[in-house]
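# Structural overview for review
So you can see what is in the structure, the chains are spelled out below.
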Amino acid sequence: MKRWDVVGVGHSCVDRICQVENYPAEDGSTHITSISIQGGGAVATALVALSRLGSRTAFLGNVGFDAISDEAIRLFENDGVSTEFMQRRQDCHGLESFVMVNPRNGSRTKFPERDTNPPVVWTDALDDVIADSKVVHLDGTNWQNAMEAARRGKAHGCFVSLDGCSMQPDNRKNLELVSRVDSLIMNKKYPLQVSGKRTYEEALEFFAALGPHIVMCTLGEKGVLAYMDGKVVSFPAFPVAAVDTTGAGDVFHGAFLHAFLHGAKTADAIRFASAVAAIKCTRIGGRAGIPHQEEVDQFLQRKE
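### Description of the sheet that holds strand S14 (residues 231–235)
Strand order in the open sheet formed by eight strands is S4-S1-S9-S10-S11-S12-S13-S14, and the pairing between neighbours is mixed. Each edge of the open sheet is held by one strand with a lone partner, namely strand S4 (57–59) and S14. Between one strand axis and the next, the sheet turns by 20° as a mean value, whatever way the strands run. Bridging between strand S1 (residues 4–9) and S4 involves three bridges; their strand directions are parallel. Paired with Val 6 across the two strands is Thr 57, which belongs to S4.

### What about the packing of helix H9 (residues 266–280) against helix H10 (residues 293–303)?
Put simply, H9 and H10 touch, their axes get as near as 10 Å, and they point 105° apart. The orientation of H9 with respect to H10, classified from their angle, is roughly perpendicular. On H10, the residues that touch Arg 271, Phe 272, Ala 275, Val 276, Ala 278 and Ile 279 of H9 are Gln 293, Glu 295, Val 296, Phe 299, Leu 300 and Lys 303.

### Observations regarding unusual backbone geometry
What is expected of a backbone is that most residues other than glycine have negative phi and most peptide bonds are trans. At Asp 27, a position not held by glycine, the phi torsion is positive, near 70°. Structurally, Asp 27 can be placed in the loop between strand S2 (13–20) and strand S3 (32–40).

### Observations regarding the pattern of salt bridges
Per the stated rule, a full pass over the model turns up 16 salt bridges. One salt bridge connects Asp 70 with Arg 88, and the closest N-O pair in it is separated by 2.8 Å. Taken together, the residues span a long stretch of sequence, with Asp 70 in helix H2 (residues 67–78) and Arg 88 in strand S6 (residues 86–88) at a distance of 18 residues. With relative accessibility at 35%, the residue Arg 88 sits in the partly exposed group. As a salt-bridge pair, Arg 74 and Glu 71 come within 2.8 Å of each other at their nearest N and O atoms. Pair noted here: Arg 74 and Glu 71 are both in helix H2, with a separation of three residues, about one helical turn. Residues joined by salt bridges that share partners form a network here, namely Asp 127, Glu 148, Arg 151 and Arg 152.

### Here we look at the packing of helix H1 (residues 42–53) against helix H8 (residues 248–261)
With their axes 7 Å apart at the nearest point, H1 and H8 run at an angle of 45° to one another. As judged from the angle between their axes, H1 and H8 are oblique. The handedness of the crossing between H1 and H8 comes out as right-handed. Of H8, the residues touching H1 (which contributes Ala 42, Thr 45, Ala 46, Ala 49, Leu 50 and Leu 53) are Asp 250, Val 251, His 253, Gly 254, Ala 255, Leu 257 and His 258.

### Considering the sheet that holds S3
If you trace the four strands from one edge of the open sheet to the other, you get S3-S2-S7-S8, paired in mixed fashion. Edge positions in the sheet fall to S3 and strand S8 (108–112), since each has one partner strand and no second. In this sheet, adjacent strand axes meet at a mean angle of 20° when their direction is disregarded. Pairing analysis gives five bridges linking strand S7 (residues 96–101) to S8, with the strands arranged antiparallel. Bridge assignment links Val 99 to a residue of S8, and that residue is Lys 110. Of the strands in this sheet, S2, S3 and S7 are in contact with H2, which crosses S2 at around 90°.

What counts as what
- The residue count restarts for each chain, going from 1 along the sequence in the order it is written.
- Under the rules for a predicted model, residues below a pLDDT of 70 receive no local features and side-chain atom pairs below 80 are neither given nor counted, while totals for whole chains, interfaces and linings still include all residues.
- Only hydrogens and water are set aside; all other atoms, that is, all heavy atoms of the structure, feed into the side-chain values.
- Strand pairing requires that DSSP identify at least two bridges connecting the strands.
- To qualify as a helix, a DSSP run of H or I must reach at least 4 residues; to qualify as a strand, a run of E must reach at least 2; elements of each kind are numbered from the N terminus.
- An axis is simply a line fitted to the C-alpha atoms; with a helix, the fit covers only the stretch in contact. Between two such axes, the angle follows the N-to-C directions and lies from 0 to 180 degrees.
- Note on angle classes: values under 35 degrees are labelled roughly parallel, values over 145 roughly antiparallel, values of 65 to 115 roughly perpendicular, and the remainder oblique.
- Contact definition: two residues touch when any of their heavy atoms are within 4.5 Å.
- When a carboxyl oxygen of Asp or Glu lies within 4 Å of a side-chain nitrogen of Lys or Arg, that pair is called a salt bridge.
- A 1.4 Å probe rolled over the protein chains alone gives each residue an accessible area, and that area as a share of the maximum for its type sets the label: buried under 20%, exposed over 50%, partly exposed in between.
- By definition, any crossing whose near helix is turned counterclockwise from its far helix by less than a right angle is left-handed, and any crossing with a clockwise turn is right-handed.

Encoded structure:
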């Protein structure tokens, strides 16, 4: 039996989530009504969702010796995500992100710090971590880290999952990474920008031809589009009174992988992940609102 259900290699940061009275025009002003400090990052938040739902998870990546790094580690540990493979280095630092939440519709505007930390130095011990996992979940924030993790995951027979969110300026790199994964779940911007296609339907078909077995994109309140059996299928979102959409896509990734690991068919896994993401959107922040399994079960029972 493998030790880890999912090992994540990608972006981790500390989010400072600010609710504002209203969202001002450029060079305008408004008041912050509340500040919530939570963990953030695409892969990092997906791992927390997996852990809340009962999966065994670990994050693999670089951090520094500063207070932000300490906070990122503490927040992971509070949610049961293993940090034993996070490498503390003098040439690295903890990353921050500032998020402004519009109270009228729950939309968020992000100001993430660019990740300038050097790539992971792969050791035999870290390779063993990959080998001991069922799934390797990635984002493309640090392309070099993602490519090497994908290569090692494939070599060890892992299922490799990519959160299609961060895009490299050299689009050849984006396409090369996509060709190395088994699952590609994208945000609403990634499909058209990376594929160069005019429609989501054309883009999803394009990506499916590159190699991933699972291809879909999340469209917020408009639901999910998935390429299944040679055609694009639409799945509706669960209507909720959204308070903050921060991290909804990341949470969807984690919940989908959790359902997938428990044998759910793709359509059922999408429905489950949509429910988890919807519940999250009713609360402030990318992580605080992530539900546990019992709450998701109750939510889905009410929707039947």
